[in-house]
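Next come the chains, spelled out residue by residue.
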Amino acid sequence: MSMSMIKEELKLPRYLNLLSMIYAVIFISSVVMAHKIILLSDNIVISVSAFIIPITYVFLDAIAEVYGYDAARKIIWSTLFCELIFAVICSSLLLLPSPPQIDNQAAYQIVVGSLLRTFVGSFLGVVSGSFLNIFLISKLKIKYKGGFFILRCILSSMLGELIFTIVSICIIFIGTMPLVEVLQLIYTSYLVKLIFSVISVFPVSFLVMYLKRNEATDIYKSGVSFNPFKLESK
């Protein structure tokens, strides 16, 4: 291996792959648990995914803040592709017959039988909400020359999660429960996401500072393409 190749390898981000895998695992966990509905009070229900999705948003904010919009965009598309593979595998294997003497096989159909529909909801929610999130935090970073990360993170997450919540919940749950309950689910889920986003932004700000210091990078540049469907960087 030549010295030029060694130097090039040393420039590769040390933590980006790990952050990408953590993001993908957390996001797919939210997809699997989307139909797990819990009771917050006598008449307030919520999907447990509302506790998970805010983590994916602040993770994306950290990635976009440190490694740039291009890196965050590629991670989103890679995760959606992994989610599709996961949904197709699970849905296909459900079609195989099970011996009648084995108990609880029907539980798999209940738990993962709707993964393809959930994928459609999360896909459209991500394309409309998550890309808005990383667009805003990246665009505002340029405008404010890298300052106000906490405010940028909260603002971008608030707007991105609002779109994501409306789109994904409507697609996933309309037809499976009354419309009034779907609207209530949107309201309570978004409220919980807001609270978690505000709480989690502070530890994530320390993560961002750690990454910038140890990766020796802080990418923001004008002229970058914010087209979410463009996968190649300049």
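Our structure's up above, just so we're on the same page.
What you are looking at is a predicted structure, and each value in this text was computed from that prediction instead of being measured.

Calculation criteria
- Residues numbered from 1 in each chain as written.
- Predicted model: local features only at pLDDT ≥ 70, side-chain atom pairs only at ≥ 80, totals over all residues.
- Heavy atoms only, no water.
- Helix = DSSP H or I, 4+ residues; strand = E, 2+ residues; numbered from the N terminus.
- Rg over C-alpha atoms; globule rule 2.2 N^0.38 Å.
- Contact = heavy atoms within 4.5 Å.
- Areas by Shrake-Rupley, 256 points an atom, 1.4 Å probe, with all protein chains shown as cover.
- Lys, Arg positive; Asp, Glu negative; His and termini not counted.
- Charge placed at Lys NZ, Arg CZ, Asp CG, Glu CD.
- Core = buried A, V, L, I, M, F, W, Y, C linked by side-chain atoms within 4.5 Å.
- Buried < 20%, exposed > 50% of the residue type's maximum accessible area, 1.4 Å probe, protein only.
- Expected span 1.5 Å × (residues − 1).
- Patch = residues over 30% accessible without salt bridge, like charges linked within 9 Å, V, L, I, M, F, W, Y side chains within 5 Å.
- Salt bridge = Lys/Arg side-chain N within 4 Å of Asp/Glu carboxyl O.

K.L.:
Explanation requested: the overall build of the protein in the structure shown.
P.N.:
Across its full length, the protein holds eight helices and two strands. The order of helices and strands in the protein, counted from the N terminus, is α-α-β-β-α-α-α-α-α-α. Scaling as 2.2 N^0.38, a compact globule of 234 residues should have a C-alpha radius of gyration of about 17 Å, and the protein matches this with 20 Å. The principal-axis extent of the C-alpha atoms belonging to the protein is close to 65 × 45 × 30 Å. Contacts spanning at least 24 positions in sequence make up 80% of the contacts within the protein whose residues lie at least 6 apart. Accessible area of the protein: about 12700 Å², with a carbon and sulfur share of 72%. Considering the protein, the positive charge centre built from 18 side chains and the negative charge centre built from 13 side chains are found 11 Å apart.

K.L.:
Sorry if this is basic, but what is going on with the nonpolar core here?
P.N.:
Side chains that are nonpolar tend, in soluble globular proteins, to be buried together. Ranked by internal contacts, the top residues of the largest apolar core, which has 43 residues, are Y23, F27, I63, Y67, I76 and I134. Of all the elements in the fold, those that place two or more residues in this core are α2 (16-32), α3 (53-67), α4 (69-93), α6 (115-143), α7 (149-173) and α8 (179-215). Ranked by the residues each element gives to this core, the list is headed by α3, at ten residues. Within the second largest apolar cluster, seven residues are counted, among which are I169, F173, L185 and I186.

K.L.:
For this particular structure, what's the right way to read unusual backbone geometry?
P.N.:
Positioned with a positive phi, K145 is a non-glycine residue whose angle comes to about 55°. Checked against the element boundaries, K145 lands in the loop between α6 and α7. One non-glycine residue, F148, lies in positive phi territory at about 60°. With respect to the element layout, F148 can be found in the loop between α6 and α7.

K.L.:
Sorry, what's going on with α3 here?
P.N.:
Because each turn of an α-helix spans 3.6 residues, side chains separated by three or four positions in sequence point in the same direction. Its 15 residues give α3 an end-to-end C-alpha distance of 21 Å, which sits within 8% of 21 Å, the value for a rise of 1.5 Å per residue. For α3, the buried fraction is high: 14 of the 15 residues fall into the buried class.

K.L.:
Mind showing me how you'd approach a nonpolar patch on the surface here?
P.N.:
Together, F81, L84, I85, V88, I89, L93, L96 and L116 make up a nonpolar patch on the protein surface, roughly 710 Å² of accessible area in all. Locating I85 in the fold gives a position in helix α4.

No statement about biological role is implied by the geometric values presented.
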